[in-house]
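# Structural features, examined
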Amino acid sequence: MSLHPLRQAAQFLLGVPTDGIDPTLDRMLELAQATPLCFVAVTGPDAAEAMGQLWRRGYQRVEIARRATCAAADERSDVLLVVGCPTADDVRATAASTLGLLRPGGVMVIDVGAVIDAEERLSLCEGLARLGLDVQPQAHLAAEILATRRWGWRTAA
């Protein structure tokens, strides 16, 4: 089966495969304004798949994070992607356990496509604010939530 001419052109010009490109990950990277020069941490049930896709896109400074555990890794990531969490409680717990990896001023982008209830999303945004993240107004209405870690805010050890 031959590839579509545009897909062939993209593979040739960009040097990256276009099979398996995830539009959710595309939106998350665009929201974060991430480039391959950024330190990116990925967490959540779909972290391994996202990490593989990031590597294929040229991101070499990527790690999977389960929780912030050591001072050497704390506050090093420019971007923290939370992918694949099925509920708002899972998102909240995952964000809280890995927030220490994100540098002040760094951004967390959360895939909330599986969380359908608007009230749960709003509650999640309020919980993120209590963790020390600035969440944009009306963020609970989008498929991905962008939050920025406040400067001078320290996570509990």
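Each remark here, short or long, concerns the structure printed above.
What comes next concerns the included structure. (Residues numbered from 1 in each chain as written. Predicted model: local features only at pLDDT ≥ 70, side-chain atom pairs only at ≥ 80, totals over all residues. Heavy atoms only, no water.)

One non-glycine residue, Q33, adopts positive backbone phi at about 55°. Note on placement: Q33 falls in the loop between α2 (23–32) and β1 (40–43). Q33 sits in the exposed class, given a relative accessible area of 67%. A positive phi is found at Q138, a non-glycine position, where the angle reads about 65°. As for its position among the elements, Q138 is in the loop between β5 (133–135) and β6 (144–149). (Helix = DSSP H or I, 4+ residues; strand = E, 2+ residues; numbered from the N terminus. Buried < 20%, exposed > 50% of the residue type's maximum accessible area, 1.4 Å probe, protein only.)

A few words on helix α3 (residues 47–56). Taken residue by residue, α3 has A47, A50, M51, G52, Q53 and L54 as its buried positions. Once α3 finishes, G58 follows within two positions and takes phi at roughly 100°, a positive value.

Here helix α5 (residues 118–130) contains 13 residues, and its C-alpha end-to-end distance of 19 Å stays within 8% of the 18 Å for a straight helix at 1.5 Å per residue. Within α5, burial applies to R121, L124, C125, G127 and L128. Viewed end-on, α5 has its buried residues packed into an arc of 160°, placing them on one side of the element. Facing away from the buried surface of α5 by more than 90 degrees, the exposed residues are E119 and R130. Tucked inside the fold, the buried residues of α5 contact α4 (88–98), β4 (102–111), β5 and β6. Where α5 begins, the side chain of D117 points an oxygen toward the backbone nitrogen of E119, at a separation of 3.1 Å. (Expected span 1.5 Å × (residues − 1). Arc of directions from axis to C-beta. Contact = heavy atoms within 4.5 Å. Polar contact = N/O pair within 3.5 Å; in protein donor to acceptor, adjacent residues only side chain to side chain.)

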